[in-house]
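Read off the chains here:
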Amino acid sequence: MSSDTTIAPEALTFSDLGLSPKVLSAVTDAGYTQPTPIQAGAIPHALLGKDILGIAQTGTGKTASFVLPMLTRLEKGRARARMPRTLILEPTRELAAQVEENFIRYGKNHKLNIALLIGGVSFDEQDKKLERGADVLIATPGRLLDHRERGKLLLNGVEILVIDEADRMLDMGFIPDIERICEMIPFTRQTLFFSATMPPEITKLTEKFLHAPVRVEVSKAASAATNIIQRLVKSGSKPWDKRETLRNLMKAEDAELKNAIIFCNRKVEVSELFRSLLKYDFDAGALHGDMDQRARMQMLANFRDGKLRYLVASDVAARGLDIPDVSHVFNYDVPIHAEDYVHRIGRTGRAGRSGKSFTIATKSDTKYIDAIERLIGNKIEWHDGDLSTVVASEGGEDDAPRRGKGAPRRAGRKDDDRKDRGGERKPRERHAKHSEEAAPATVREDQPVVAEVEVADIGERRARKDAIRSENTERKSSDRNEQRAPERGDTRPQRDSNRPARHRQEDNDATVGFGDDMPAFMRIVAKV
DNA sequence: AAAAAAT
């Protein structure tokens, strides 16, 4: 079939990959010298115009592995009106925006027109950019097709097509859309295809739409990232029980906790938990797909900039979002699909840092936990800390709304949110440094990365595949309820119908890293 | 049991 080439990334710098001087200078300005494995493996082939099948999660430097060669290749030629030269498909709006940031950052020496076509924002600006001729078009599938149906977009000039996070597109039911879009683009194009996993449907897709692809795989050496401490935490199953467990956990971890993402399974839960945490004076924000786009971007930017310590989120934030240096992940709910667990906890422990994840588990979660443990090939330890003592021993420093004297522990379902606020909000000590001594062997740009073929874990990978398959049931789109999460600081539910003008937040200067962001447990296998 | 994405 194909020969295996083992890449030794430590021998490479970006200047060895064949990128243009303009691109190299932008990369240097961003402070990077050494490519990650996926970059070292993919970029040379992408520059030669070959199709790429990249098997990698975000956080591996995947985005730059297609952005940089695309920029180099775009230096020849010019865009024509309504005929974009390249197209990048992303599953979520945030990811699309993140890719745009990468193009802006690394394309600063180019004069390229970049158009971002995502939902939730007005068509006008997007139309103008298309009309002007886009060198780079970044889109979510729905809005892209919408533009095309309105006749504002011709896809037969596309030279390079990128399909990112293909397995997630599958989960979200986008595959028919992706197939439609692929069929609109001439087969002479170059296709760069990325997926974290390769379920059968995705393999089928690559067979249909890729031509003799170079396969570049960055796989985890072992099931669990050793730099992430994972714990299960027992809790009662009622919402108020879980909220209490969570608060106690947050307080118990306070000294080590820099910032945290708290995942819920449902949007309503995100909203409820978010409001509850605000009542308890936690410095929290919320993020889910029914919030308007402006609020989504704002929350994310604030969290990245350290203006928010806690982000309560749905799985919209589970994958791909590039938020460096999240110290903790809390699963308020056990994810129903085991693969989501891996993505969620992967938001911490990035760039070889240490990270902690806690998953609140109730009796009814057992079978989901079993599935997760099967997938990661490990038992997750139970948290041994006694959370009940945390509350009692702290004289109530943070636990603002205290129960009234002699009040029954639990009266009704409205629970904590109904208690009075118990005084003014206190400034909380923020950003307690998490312990340096706990840091595992880290991989930075300046450190060598061991390159080797992982053969030991075939059984584990098969188990993972099976688990993923079993989780991948047919999903239909759910109805969108009208609920919007309020903005931070406003604890009232917002149900007004006259939504504010939506537009993208432009001043988002979040780190768009790659070299900095390679977990220590990654290895590369490049098959040519 | 959900979320995401086009209006």
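In this report, we go over the structure that sits alongside the text. Keep in mind that what you see is a predicted model, and the values were worked out from it rather than measured.

**Observations concerning the protein's contact with DNA strand B**
- The environment of DNA strand B is made up of 30 residues, and the closest members are Arg143, Lys267, Gly289, His337 and Tyr368.
- Residue Asn265 places a main-chain N or O atom 2.8 Å away from a sugar or linking oxygen belonging to DNA strand B.
- In this structure, a base nitrogen belonging to DNA strand B sits 2.5 Å away from a side-chain N or O atom of His337.
- Top element by residues in the surface near DNA strand B is helix 6 (residues 141-149). It accounts for 4 residues.
- In terms of residue class, the surface near DNA strand B is built from 6 nonpolar, 12 polar and 12 charged.

**Re helix 14 (residues 366-376)**
- Among all positions of helix 14, only Ile369, Ala371, Ile372, Glu373, Leu375 and Ile376 are buried.
- Note on helix 14: the residue one or two positions beyond its end, Gly377, has a positive phi of about 70°.

**Notes on the pairing of strand 2 (residues 52-55)**
- Residue alternation in strand 2 divides its side chains into two sets, Ile52 and Gly54 and Leu53 and Ile55, and both sets are buried.
- Examined bridge by bridge, strand 2 and strand 7 (residues 190-195) share 4 bridges and lie parallel to one another. Along strand 7, the bridge assignment pairs Ile55 with Ser195.

**Digging into the packing of aromatic side chains**
- Tallied over the full model, the rule gives 3 aromatic pairs.
- Seen in terms of ring centroids, Phe66 and Phe194 are 5.4 Å apart; in terms of plane orientation they differ by 45°. Their pairing is tilted. Taken together, the positions of Phe66 in helix 3 (residues 62-74) and Phe194 in strand 7 put the pair 128 residues apart, joining distant regions of the chain.
- Lying across the ring of Phe123, Arg143 places its NZ or CZ 3.9 Å from the centre.
- In this structure, Arg247 packs its charged tip against the face of Tyr280, placed 3.7 Å from the ring centre.

Here is what the cut-offs are and how they apply
Residues numbered from 1 in each chain as written. Chains lettered and ligands numbered in written order. Predicted model: local features only at pLDDT ≥ 70, side-chain atom pairs only at ≥ 80, totals over all residues. Heavy atoms only, no water. Near = heavy atom within 4 Å. Polar contact = N/O pair within 3.5 Å; in protein donor to acceptor, adjacent residues only side chain to side chain. Helix = DSSP H or I, 4+ residues; strand = E, 2+ residues; numbered from the N terminus. Nonpolar A, V, L, I, M, F, W, Y, C, P; charged D, E, K, R; others polar. Buried < 20%, exposed > 50% of the residue type's maximum accessible area, 1.4 Å probe, protein only. Pairing = 2+ DSSP bridges. Phe/Tyr/Trp six-rings, centres within 6.5 Å; stacked < 30°, edge-to-face > 60°. Lys NZ or Arg CZ within 6 Å of the ring centre and 35° of its normal.

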